[in-house]
Amino acid sequence: MSGLSKSVLYDFCLRMGDNTLILGHRVSEWCGHAPVLEEDIALANTALDLIGQTQFWLGLAADVQGEGKSADDLAFLRDAWDFRNGLLCELPNGDFGQTLMRQYLFDEWHWAMLTALQNSSEKRVSDIADKAVKEASYHLERSRDTVIGLGDGTAESHDRMQAALDYLYPYVGEFFEADTVDEAAAKEGIAPVLESLREGYDAAIKATMDAATLRLPDSRFAHKGGRNGRMHTEHLGHLLTNMQWLQRAYPGASW
Amino acid sequence: MTQPSPLEVMRWLDQVPDPEIPAISLVDLGIIRHVEWAGDALEVTVTPTYSGCPATSIINFEIEKALRDNGVEKVSLKRQISPPWTTDWLSEKGREKLEAYGIAPPQPAGGPAQCPRCQSSDLEKLSQFGSTPCKAQWRCKSCLEPFDYFKCI
Ligand SMILES: [Zn+2]
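This write-up is about the structure you can find in this document.

Scoring rules and cut-offs
Residues numbered from 1 in each chain as written. Chains lettered and ligands numbered in written order. Predicted model: local features only at pLDDT ≥ 70, side-chain atom pairs only at ≥ 80, totals over all residues. Heavy atoms only, no water. Contact = heavy atoms within 4.5 Å. Buried area = accessible area lost by both parts, 1.4 Å probe. Salt bridge = Lys/Arg side-chain N within 4 Å of Asp/Glu carboxyl O. Polar contact = N/O pair within 3.5 Å; in protein donor to acceptor, adjacent residues only side chain to side chain. Helix = DSSP H or I, 4+ residues; strand = E, 2+ residues; numbered from the N terminus. Pairing = 2+ DSSP bridges. Donors = N, O, S within 2.8 Å, 3.2 Å for Na, K, Ca; no water. Tetrahedral: all angles 85-135°; square planar, octahedral: opposite > 155°, others 65-115°. Buried < 20%, exposed > 50% of the residue type's maximum accessible area, 1.4 Å probe, protein only. Phe/Tyr/Trp six-rings, centres within 6.5 Å; stacked < 30°, edge-to-face > 60°. Lys NZ or Arg CZ within 6 Å of the ring centre and 35° of its normal. Core = buried A, V, L, I, M, F, W, Y, C linked by side-chain atoms within 4.5 Å. Expected span 1.5 Å × (residues − 1). Bend = angle between axes of the 7 residues up to and from the residue. Axes fitted to C-alpha atoms, helices over the stretch in contact; angles between N-to-C directions. Arc of directions from axis to C-beta.

Topic: the interface of chain B and chain A
Then, in step 1: Listed by partner, the interface residues are 24 residues for chain B and 20 residues for chain A.
Then, in step 2: Carbon and sulfur atoms make up 59% of the surface buried where chain B meets chain A, a total of about 2,000 Å² over both sides.
Then, in step 3: Considering only the surface of chain B that becomes buried against chain A, B:Ser51, B:Gln128 and B:Phe129 emerge as the three largest contributors, covering 35% of it.
Then, in step 4: At the surface where chain B touches chain A, the tally comes to zero salt bridges.
Then, in step 5: For the pair chain B and chain A, the interface holds eight residue pairs in polar contact (both at pLDDT 80 or more).
Then, in step 6: Those elements that place two or more of their residues in the side of chain B that touches chain A are strand S5 (123-127) and strand S6 (135-140) of chain B.

Here we look at the sheet that holds strand S4 (residues 103-104) of chain B
Residues and elements named next belong to chain B.
Then, in step 1: Within the open sheet, the four strands sit side by side as S4-S7-S6-S5. Their pairing is mixed. Bordering the open sheet on either side are S4 and S5, each of which pairs with just one other strand.
Then, in step 2: Sheet topology places S5 next to S6; four bridges connect them, and they run antiparallel. Looking across to S6, one finds that Ser127 is bridged to Gln137.

Some details on the coordination of the zinc ion
All names here are of chain B.
Then, in step 1: Protein-derived ligands of the zinc ion are Cys115 (SG), Cys118 (SG), Cys140 (SG) and Cys143 (SG), with the metal-ligand distances lying across 2.3 to 2.4 Å.
Then, in step 2: Geometry at the zinc ion is tetrahedral, judged from the four donor atoms that bind it and their angles of 104 to 116° at the metal.
Then, in step 3: Between consecutive donors of the zinc ion, the numbers of intervening residues give the motif C-x2-C-x21-C-x2-C. Placement of Cys118 in the loop between S4 and S5 and of Cys140 in strand S6 is noted, with a sequence separation of 22 residues between them.
Then, in step 4: Look at Cys118 and you get partly exposed, because its relative accessible area is 34%.
Then, in step 5: You can call Cys140 buried: its relative accessible area is 0%.

Description of the packing of aromatic side chains
Then, in step 1: Scanning all chains against the criterion turns up twelve aromatic pairs over all chains.
Then, in step 2: A:Arg78 extends its terminal NZ or CZ atom over the ring of A:Phe83, reaching a point 4.2 Å from the ring centre.
Then, in step 3: The side chain of B:Arg33 reaches across the aromatic face of B:Trp89, ending 3.4 Å from its centre.

Some thoughts on the nonpolar core
Then, in step 1: Grouped together as the largest cluster of nonpolar side chains are 76 residues, with contacts concentrated most on A:Met101, A:Leu105 and A:Leu117.
Then, in step 2: With residues up to four places along the chain from it excluded, the contact list for A:Leu117 reads A:Phe12, A:Met16, A:Trp57, A:Val125, A:Ser126, A:Ala129, A:Ile190, A:Ala191 and A:Pro192.
Then, in step 3: Formed by 30 residues, the second largest nonpolar core is a distinct cluster that contains B:Trp12, B:Ile59, B:Trp85 and B:Cys134.

With respect to helix H6 (residues 123-151) of chain A
Then, in step 1: In this model H6(A) runs 40 Å from its N-terminal to its C-terminal C-alpha over 29 residues, within 8% of the 42 Å that 1.5 Å per residue would give.
Then, in step 2: The largest bend along H6(A) measures about 30° and falls at A:Ala132.

Here we look at the sheet that holds strand S2 (residues 41-46) of chain B
Residues and elements named next belong to chain B.
Then, in step 1: If you trace the three strands from one edge of the open sheet to the other, you get S1-S2-S3, paired in mixed fashion. The strands lining the two open edges of the sheet, one partner per strand, are strand S1 (32-38) and strand S3 (75-79). On average, each strand axis in the sheet is inclined to that of its neighbour by 20°, with strand direction left out of account.
Then, in step 2: Bridging between S1 and S2 involves six bridges; their strand directions are antiparallel. Directly across from Val35, in S2, lies its bridge partner Val44.
Then, in step 3: Running over the sheet, helix H1 (residues 6-13) touches S1 and S2 and is turned about 135° from S1.

Side note on unusual backbone geometry
Then, in step 1: Here B:Ser82 and B:Pro83 are connected by a cis peptide whose omega angle stands at 0°.
Then, in step 2: One can find B:Pro83 in the loop between S3 and helix H4 (92-101).
Then, in step 3: One non-glycine residue with positive phi stands out, namely A:Thr213, at about 55°.
Then, in step 4: Along the chain, A:Thr213 falls in the loop between helix H9 (198-211) and helix H10 (234-243).
Then, in step 5: Classification of A:Thr213 by relative accessible area gives partly exposed; the value is 41%.
Then, in step 6: The phi angle at B:Gln119 is positive, at roughly 65°, despite the residue not being glycine.
Then, in step 7: Following the sequence through the fold, B:Gln119 ends up in the loop between S4 and S5.

Quick notes on the environment of B:Lys74
All names here are of chain B.
Then, in step 1: Tracing the chain through its elements places Lys74 in the loop between helix H3 (56-69) and S3.
Then, in step 2: On the accessibility criterion, Lys74 (44% relative accessible area) is partly exposed.
Then, in step 3: At a separation of 3.3 Å, a polar atom in the side chain of Lys74 contacts the side chain of Asp40.

Focus: H3(B)
Residues and elements named next belong to chain B.
Then, in step 1: The first and last C-alpha atoms of H3 sit 20 Å apart over 14 residues, in line with the 20 Å expected at 1.5 Å per residue.
Then, in step 2: If you check which residues of H3 are buried, you get Ile59, Ile63, Ala66 and Leu67. Viewed along the axis of H3, the buried residues span an arc of 95°, placing them on a single side of the element. In H3, the exposed positions that point more than 90 degrees away from the buried face belong to Ser57, Phe61 and Asp69.

No statement about biological role is implied by the geometric values presented.
Below is the structure:
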C-alpha cells in the first residue's frame, strides 16, 4: 500500500472509530441513571456495541499506522485536537429525549454508511462493516421507534423532542461534507461519496419526523470542525478528562 | 501425543459452556468457526457474537483451558469477524436447550414463537435489549411471566 493510501485509510478509520468511541462513551454515561430499567439496559447495550466497533476501527487504524500502537493507545493517549469524530457524537446527553434524538440522527447516518462500506474495496473495512451494520440496524430500529413514541407522545415529551431536534439538527450536515480525506477515500473505493448518502438520509428522517409529529428545521446550516479536528466543541475536552482519567493520573497503568 | 482430529477437538469444545448462558456450549452458540492443525499448533478460529460482547476474553480463556486440559500444548486463537455471526449458526440441540432453560430461541419472524414456560403464543415485547447483548425481554400475557428471548440477527 502506498504512503498516501495508508494515510487515507488511517484517517478514515479514525473518523469511524472516534464516532463510535465518543458516542459510545456518552451513551454509557446513562448507566444507572435511565428513567426505567429496560431503557438503562438498552442504553448500556448500545454503548457496548459502539465500544466494540471502536475496537475494530481503532485496531485497524493502529495496524495501518504501523507504529506498534494498539486501539487502547489511540483511545486513551490522544488529546482533544487529535480526535476525528463528528461534533454530534460529543454533544452532552441532555435529557433522555435529547439522547435518543442524537442517537437516531446518528444511527440513520451510521446504518447508511456501514451499508455502503460493505462494498468497500478494502477487505478489512468491509469485514468490519459486515459485522457492525447488523448492530447499527438494531440500534436504528429502537432509536426510530423511541423518537416517534416520544415525539407523538404527551405535550411535554413532544416539546422536548422538538427542542432536541432543533438543537441537534445543525450538527447533521458535517457527516455529509467531504474534505480531501473523504474525496481520496471515495476515489480509492474505500468509502462512498459522502454526499451520495444524503438523499436517502433526508427521506428517512423526514418520514420519521412526520410520524413523530416533529418539524425539521428549514436551515441546512452545519456546524463543522470535528471530523477534521480543527475545532471541537468545549464538551469533548470534558468528556476526555473523564474517559482518560486513569491514563492521565497513572500514565502507562495496566492490569 | 498424536494430534487429535478437528472433529475430536470440536467434541471437547462442545463441553465448554457459554459463560453467559451456561445451558449451551460454545459449539452450540456457533462461534467456533474452524479448527485445524498448523504444524504443531492447533488453530481455532472464533467469531464474536456482538462486537462489544464482554464475554469475549473469558470465552478465549475457556477455549484455551479446555484444549490444554485435553493435552494440547500449543494453541493459537484467531478472531474472524466476517462473515459475521448469525443466530442461524445456533445448533438445533442448542435451540432446544435454550428453550428448556427458559430462553425463547430466535425466530426469523423477529420475536419468540411461544412462552418457554407455558407455550402460550399471547406475548408482548418489553424491551429490545436484555441482560446480555444477545437477548431481548418479552412477557407472556397468559402466565404473566417475563422471559428472555434470544435475538435473531
Ligand atoms: Zn407463559
